[in-house]
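Residue-level structure breakdown
Take a look at the letters that make up each chain.
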Amino acid sequence: MRGNPDAVIVGSGPNGLAAAVTMAAAGLKVLVIEGAPEIGGGCRTQELTLPGFQHDVCSAAHPLAVTSSFFQRFDLAARGVTFARPEVEFANPLDGGRAAIVTRSVAETAARHGRSYQRLLGPMARHADDICAELLQPLRRLPAHPLVMAGYGSRGILPASVLVRHWRTPEARAIMGGAAAHSMLPLTSIPTGGIGLMLIVLAHGVGWPVIAGGSARITDAMADAVITAGGSIETGRWVRSLAELPSGAAIVLDVSPRSLLELAGDRLPGWYQAALRRYRYNPGVCKVDFALSGPVPWANEDCRRAGTLHLGGTFEEMAEAEAEVVAGKHPENPYVLVTQPGVADPSRAPAGQQTLWAYTHVPAGSDVDATDVIEAQIERFAPGFRDLVLARAVRTAAGEEAHNPNYVGGDIAVGMQTMWQTVFRPTIQWNPYRTPVRDVFLCSSATPPVPGVHGRCGELAALTALRDMFGIREAPDISPARLRPAPSGLTFNGS
């Protein structure tokens, strides 16, 4: 890049790259700096176990990418990114070969799990596009569909433990437990019901697809767009202080609040430093990736068609496990989240073989290897699973943070989704993307709207920076017509 950049983005996760795409589309000279050897943050794909086995490093299923207005305008399909769709969006196996099965069809799902499921989810699924669009908007904006959101919000504000009373069957209750446990909060907490409902509505509205070839295809497409617009990406460079960055540029940080404190230091006023120190993080995760000699032999046949599975048994079992984690314990009967991308994308492994992605929640900062309890939970619902394991790759919660400093204590969501931290994330501010330093902005998952791969945190932070520093008030065109897909073979700079 010739001359100083107009904007510097620190961190190349989906939000950092969304900020870079938005600012490059506005005609700015953009520099992205990434500490890791490769781009992508939690949206990467690597051969973690054996050659030919492609594993997603963190994010694996992508309902929010489908519904994101940012990615819709960016047009992933035109950039060669394909959503691979399983026949079953997610499943919750139960003992005795039973399972709760969620498909795109509310009617089909309700036929399995009761009329109360239809009564609650039917109206929401009919307005899934409106609900998802509103959930990815800034909270300070009045909803465009107030009646729809009032119906969702009146139920979503409840804890999952209260909302689940609408459902009588163990299968239906397990659906809510498995979805709500993504929150990493006790299922008696507000707003776990809303988080569970959001994920279930997404399953019926847009599905829970994986990415053909791996999640890295998303961030690769974003990086290519930045480069073809004249931007630059530098990898293998950890930024330790804002003083290392060019003066006069807009600085957009895809980092945790703790890292913001370390980078900015005394440039931040005391009240803001204190607020960032009060920011609360979730428990961590211990993740295990498996290379398998064949498909997982789930006792329930429908589970063999599911892209994602929530393991842990009944709602009550999952609630107990999550409460134990929050209390600082390692459950013997844990909640385990599993993705088997091969059911929709056979390219992830050599012919006839499979990859499997699994994690369980553990106390923050734990260095305990949870492989044994994860495997035991899979074996509980898929007898013979261990016989298929060719290789494993394990990353403890402590290892997650060592690998990605944004994952404080192994928290891959970069902060609790309590009611307070959903509304005020990361601090009490009208515009949460601004910091008290005029040229510094925050764009990570520690800002609204919600954690996940949707790019909206980065886009909204970039739009704030464009208004504040460059007087640009119109959202730039990020479509392929403006930011054309890159020619094959395009690369970026490493240190």
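Going by the structure above, here's the rest.
Since the model is a prediction, treat every value here as computed from it, not as a measurement.

What counts and what doesn't
- Residues numbered from 1 in each chain as written.
- Predicted model: local features only at pLDDT ≥ 70, side-chain atom pairs only at ≥ 80, totals over all residues.
- Heavy atoms only, no water.
- Helix = DSSP H or I, 4+ residues; strand = E, 2+ residues; numbered from the N terminus.
- Rg over C-alpha atoms; globule rule 2.2 N^0.38 Å.
- Buried < 20%, exposed > 50% of the residue type's maximum accessible area, 1.4 Å probe, protein only.
- Areas by Shrake-Rupley, 256 points an atom, 1.4 Å probe, with all protein chains shown as cover.
- Lys, Arg positive; Asp, Glu negative; His and termini not counted.
- Charge placed at Lys NZ, Arg CZ, Asp CG, Glu CD.
- Pairing = 2+ DSSP bridges.
- Right-handed = clockwise from strand over helix to strand, strands pointing away.
- Core = buried A, V, L, I, M, F, W, Y, C linked by side-chain atoms within 4.5 Å.
- Expected span 1.5 Å × (residues − 1).
- Polar contact = N/O pair within 3.5 Å; in protein donor to acceptor, adjacent residues only side chain to side chain.
- Contact = heavy atoms within 4.5 Å.
- Phe/Tyr/Trp six-rings, centres within 6.5 Å; stacked < 30°, edge-to-face > 60°.
- Lys NZ or Arg CZ within 6 Å of the ring centre and 35° of its normal.
- Axes fitted to C-alpha atoms, helices over the stretch in contact; angles between N-to-C directions.
- Parallel < 35°, antiparallel > 145°, perpendicular 65-115°, else oblique.
- Nonpolar A, V, L, I, M, F, W, Y, C, P; charged D, E, K, R; others polar.

1. Brief notes about the overall build of the protein
Regarding its fold elements, the protein presents 18 helices and 17 strands. Since a compact globule built from 495 residues should have a radius of gyration of about 23 Å, the 22 Å found for the protein is in line with a globular shape. By its C-alpha atoms, the protein is 65 × 50 × 45 Å across when sized along the principal axes. Each of the 495 residues in the protein was classed as buried or not, and the buried ones make up 61%. Of the accessible surface of the protein, which amounts to about 18200 Å², a share of 52% is contributed by carbon and sulfur atoms. Side-chain charges of the protein comprise 43 positive and 45 negative groups, with the mean position of each set lying 7 Å from the other.

2. Here's the deal with the pairing of strand β2 (residues 30–33)
Strand residues, when the strand is regular, have side chains that alternate between the two faces of the sheet. Neither face of β2 is open: one carries Val30 and Val32, the other Leu31 and Ile33, and all of them are buried. Direction of pairing for strand β1 (residues 7–10) relative to β2: parallel, over a ladder of four bridges. In the sheet register, Val8 faces β2, and the bridge partner there is Leu31. Following the backbone out of β1, through helix α1 (residues 14–25) and into the adjacent parallel β2, one traces a crossover that is right-handed. Of the strand pairs in this sheet, β2 and strand β9 (residues 232–235) are connected by three bridges, and their pairing is parallel. Its bridge partner lying in β9, Val32 is registered against Ile233.

3. As for the nonpolar core
In this structure, Tyr117, Leu121, Met176 and Ile200 are the most contacted members of the largest nonpolar core, which totals 63 residues. Take this core: its biggest share by element is eight residues, from helix α10 (residues 192–205). Core analysis: the next-biggest nonpolar cluster, separate from the first, contains 45 residues, Ala19, Met23, Ile218 and Leu460 among them.

4. Let's talk about helix α5 (residues 115–126)
Residues spaced three or four apart along an α-helix point in a common direction, a consequence of the helix completing one turn every 3.6 residues. The first and last C-alpha atoms of α5 sit 16 Å apart over twelve residues, in line with the 16 Å expected at 1.5 Å per residue. All buried positions along α5 are accounted for by Ser116, Tyr117, Leu120, Leu121, Gly122, Met124 and Ala125.

5. Structural notes on the environment of Ser154
Examined against the element boundaries, Ser154 turns out to sit in helix α7 (residues 146–156). The spatial distance from the C-alpha of Ser154 to the C-alpha of Gly194 is 9.1 Å, given a sequence separation of 40 residues. Of the polar contacts made by the side chain of Ser154, one reaches the backbone oxygen of Gly151; its length is 3.0 Å.

6. As for the side chain of Lys287
Examined against the element boundaries, Lys287 turns out to sit in strand β11 (residues 284–292). Overall, the relative accessible area of 4% leaves Lys287 in the buried class. A polar contact of 3.0 Å, which involves the side chain of Lys287, links it to the backbone oxygen of Asp56. Polar side-chain contacts of Lys287 include one of 3.3 Å to the backbone oxygen of Val57. In contact with Lys287, not counting residues within four places along its chain, are Leu48, Asp56, Val57, Trp357, Ala358, Tyr359, Ala393, Val394, Arg395 and Glu400.

7. Observations regarding unusual backbone geometry
Across the junction of Ile190 and Pro191, the peptide omega takes the value 0 degrees, indicating a cis bond. Position of Pro191 relative to the elements: it lies in the loop between α9 (170–180) and α10. A cis amide bond links Pro448 to the next residue, Pro449, at an omega of 15 degrees. Inspection of the secondary structure assignment puts Pro449 in the loop between β16 (440–442) and α18 (456–470). For Asp75, which is not a glycine, the phi torsion comes out positive at approximately 65 degrees. Within the secondary structure, Asp75 sits in the loop between α3 (69–74) and β5 (83–84).

8. A closer look at the packing of aromatic side chains
Scanning all chains against the criterion turns up nine aromatic pairs. Aromatic side chains Phe70 and Phe71 sit 5.2 Å apart centroid to centroid with 75 degrees between the ring planes, which places their arrangement in the edge-to-face category. Each of the two residues, Phe70 as well as Phe71, counts as buried. Taking the centre distance of 5.9 Å and the plane angle of 10 degrees together, the rings of Phe70 and Phe74 count as stacked. With Phe70 and Phe74 both in helix α3, this residue pair falls four residues apart, about one helical turn. Side by side, Phe70 and Phe74 carry an identical accessibility label, which is buried. Here the aromatic residues Phe70, Phe71 and Phe74 are joined through ring pairs into a cluster of three or more. In this structure, Arg79 is placed above the aromatic ring of Phe74, and the distance from its NZ or CZ to the ring centre is 3.9 Å.

9. A look at the sheet that holds strand β7 (residues 99–102)
Read from one edge to the other, the open sheet built from seven strands follows the order β7-β6-β12-β13-β14-β11-β15, with strand pairing classed as mixed. Here the strands that pair on one side only, and so sit at the sheet edges, are β7 and β15 (389–395). Strand-to-strand twist in this sheet, taken as the mean axis angle between neighbours without regard to direction, amounts to 20 degrees. The pairing of strand β6 (residues 88–93) with β7 spans four bridges and is classified as antiparallel. By the bridge assignment for β7, Pro93 is matched with Ala99.

10. Topic: the packing of helix α6 (residues 128–135) against α7
Helix packing for two helices is described by the angle between their axes and how far apart those axes are. Interaxial distance between α6 and α7 falls to 10 Å at its minimum, and their mutual angle equals 80 degrees. Relative to α7, α6 is oriented roughly perpendicular. Within the contact between the two elements, α6 uses Asp130, Ile131, Glu134 and Leu135 and α7 uses Val148, Met149 and Tyr152. Taken together, the residues of the contact of α6 with α7 sort by class into five nonpolar, no polar and two charged.

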